[in-house]
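Report on the structure
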Amino acid sequence: MASTTSLSFPSLHPNFQSSRRLSSSKPSSRRVFFGPISASVSDMPSVPVSPVTLPPPEPAELPIRKIPGNYGVPFFGAIKDRVDYFYNQGREEFFKSRVQKYRSTVFRANMPPGPFIAPDSRVVVLLDGKSFPVLFDVTKVEKKDLFTGTYMPSTELTGGYRILSYLDPSEPSHEKLKRLMFFLLKYRREHVIPEFHSSYAELFEGLEQELATNGKAAFGDPSDQAAFNFLTRALYGTNPAESKIGTNGPSLIAKWILFQLSPLLTLGLPKQVEELLIHTYPLPPFLVKSDYQKLYDFFYESSGPVLDEAERLGISRDEACHNLVFATCFNSFGGMKIFFPNVVKLIGRAGVKLHTQLAKEIRSVVKANGGRVTMAAMEQMPLMKSVVYESLRIEPPVPLQYGRAKRDLIIESHDAAFKVKEGEMIFGFQPFATKDPKIFDRPEEFVPDRFVGEGERLLKHVLWSNGPEDETPTVGNKQCAGKDFVVLVSRLLVVELFRRYDSFEIEIGTSPLGASVNLTSLKRASF
């Protein structure tokens, strides 16, 4: 979901320019509105006074500060930071403790996995909303082979090809492959909304039955199946249940993704076992080769018109199909697998008041549009749109971003400027940047109406897609080709949920890739 599938959906947001810090749901308290002003003749000055125009203040130049922190003893420093990151502190505390120690949101550290998987674990860490966007500027940073970070999974997992997500825009194949992803959704765009409705109606009916039988229903696995069914039906016109892959798609994908991301995960195993099994050496690709082949065969048989377009663009059918598998299964399905449970979690925790507001807004707009859900109709649902953006801000589905400095750079945080040398690896942890307290009021809170009205100007600081939310993917940047598609399907999830239910209740757990959600109550629509 962070770098490969969309197009031709009209922009789902306006282009905002202001970077003023705004309250989440109210106009800034600094704004003052005056009524009409009148004056009598005696109030007027006796001599005309020319208006005084003051020049804008010069921006204060930030002091250059040496980047704090260090990498420790070679080899052992990387292992120490890895153990702190996964076990001694955990990811959030790993970053928080260093911000406090160095009194800086920019510092040096090692990022996992380190030896022996990654050749170099040293990075410059960016943790604020002002410095972070340098990672999107492809004139300043190179993105070659940095999709997963300081290491790159074996190309044996992707048919021997470096997939689009690992290509820098300067590489000739990048433009061709990104154009192919744009074509995919343009070709099938009319099928997205109806197939989403069909797939998620099946999901909710199954959850209702499970809830009636057992008193609660796990959202995760049924949601994964619905996501896979939707993507293959909408984008390729194929129902997996009627193919050789059957209902095995999600499990095949999960295993294949594990072999790529295991160096960045904890699976709940004893520390010593995890360190040896998944953090020190990569899992051998041959163990998942047959599973991946099943996915490849399914997509090759399902994507004839898209592969025809690939040939017209100068891409072999084989390379194109491997990219389609990655775009659909890793980027799109993987993103929905992580993000959809988080959306349900955040809305569920917010309570009945928000549920009622969403149900009223969504149902009234759908009714006014003749009972049809369209992209234009969803643009008339400001609260629903804000809830999706706020979910992307709080729980960005791809939390880690990397780039390598193309030249010597000056990177500014809110408080200081830092020199980064050509060739240094730069890393940003997105959830800290999107919860920057100097940009967002109540940054740690889920504020459903944060992006309603004037709050829409804050969308430039919503950064989940390898670019700001108010910018657009192009063949010349690394912003997620499927950015608008992801926003669209996330909106559709909220719309389908509240067309069907007045409210719901949940239990929350954890999983290696995000939240584990159990539904404990579903109240069917009563108005």
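Note that the structure is predicted; figures quoted are calculated from it, not measured.

A surface patch of nonpolar side chains, about 680 Å² in accessible area, is lined by Val73, Phe75, Phe76, Phe116, Leu276 and Tyr281. Tracing the backbone shows tyrosine 281 in the loop between helix H7 (271-279) and helix H8 (289-302).

Turning to the UniProt feature "binding site: heme" (unreviewed entry) in the protein, a few remarks are in order. UniProt's feature table lists "binding site: heme" (unreviewed entry) at Cys480, given in the numbering used throughout. Relative to the elements of secondary structure, cysteine 480 occurs in the loop between helix H14 (430-433) and helix H15 (483-500). Looking at cysteine 480, the relative accessible area reads 0%, which means it is buried.

Tallied over the full model, the rule gives 38 aromatic pairs. For the ring pair phenylalanine 95 and phenylalanine 432, a centre distance of 6.0 Å and an interplane angle of 70 degrees mean the geometry is edge-to-face. Of this pair, phenylalanine 95 sits in helix H2 (residues 91-102) while phenylalanine 432 sits in helix H14, and the two are 337 residues apart along the sequence. Here the aromatic cluster, defined as three or more aromatic residues joined through ring pairs, consists of Tyr85, Phe86, Tyr87, Phe94, Phe95, Tyr402, Phe427, Phe429 and Phe432. Here the basic side chain of arginine 98 rests over the ring of phenylalanine 94, its NZ or CZ set 3.8 Å away from the ring centre.

The mixed open sheet is built from 5 strands, whose spatial order is S1-S2-S8-S5-S3. For this open sheet the edge positions go to strand S1 (106-110) and strand S3 (141-142), each flanked by a neighbour on one side alone. Summarising the sheet, strand S5 (residues 400-405) and strand S8 (residues 425-429) pair through 5 bridges and their orientation is antiparallel. Note on S8: the bridge partner recorded for arginine 404 is methionine 425. Across the sheet, H2 lies against S1, strand S2 (122-126), S5 and S8, angled at about 130 degrees from S1, the strand it touches most.

Conventions used here
Note on numbering: residues in each chain are counted from 1, in written sequence order. Reporting in this predicted model follows two pLDDT cut-offs: at least 70 for local features of residues, and 80 or more for side-chain atom pairs to be given and counted; totals over whole chains, interfaces and linings ignore these cut-offs and use all residues. Note that water and hydrogens are dropped before the side-chain values are worked out from all heavy atoms of the structure. Residues enter patches when they are more than 30% accessible in relative terms and free of salt bridges; like-charged ones are connected within 9 Å and nonpolar ones (Val, Leu, Ile, Met, Phe, Trp, Tyr) within 5 Å. Using the Shrake-Rupley algorithm and a 1.4 Å probe, accessible areas are obtained, with residue cover drawn only from the displayed protein chains. Salt-bridge detection follows one rule: a side-chain nitrogen of Lys or Arg within 4 Å of a carboxyl oxygen of Asp or Glu. Strands are runs of DSSP state E lasting at least two residues, helices are runs of H or I lasting at least four, and both sets are numbered from the N terminus onward. UniProt positions are given in the numbering used here, feature names are shortened, and annotations may be inferred rather than shown by experiment. Summary of the burial criterion: residues with accessible area below 20% of their type's maximum are buried, those above 50% are exposed, and those between are partly exposed, where the area comes from a 1.4 Å probe applied to protein chains only. Working definition: rings of Phe, Tyr and Trp (its six-membered ring) pair if their centres are within 6.5 Å, and the pair is stacked with planes under 30 degrees apart, edge-to-face with planes over 60 apart, and tilted otherwise. Note on criteria: charge over ring means Lys NZ or Arg CZ within 6 Å of the ring centre, with the direction from the centre no more than 35 degrees off the ring normal. Strands pair, by our definition, only if DSSP identifies at least two bridges between them. Residue contacts are counted whenever heavy atoms from the two residues lie within 4.5 Å of one another. Only the contacting stretch of a helix is used when fitting its axis, a line to C-alpha atoms as for every element, and angles between N-to-C directions run 0 to 180 degrees.

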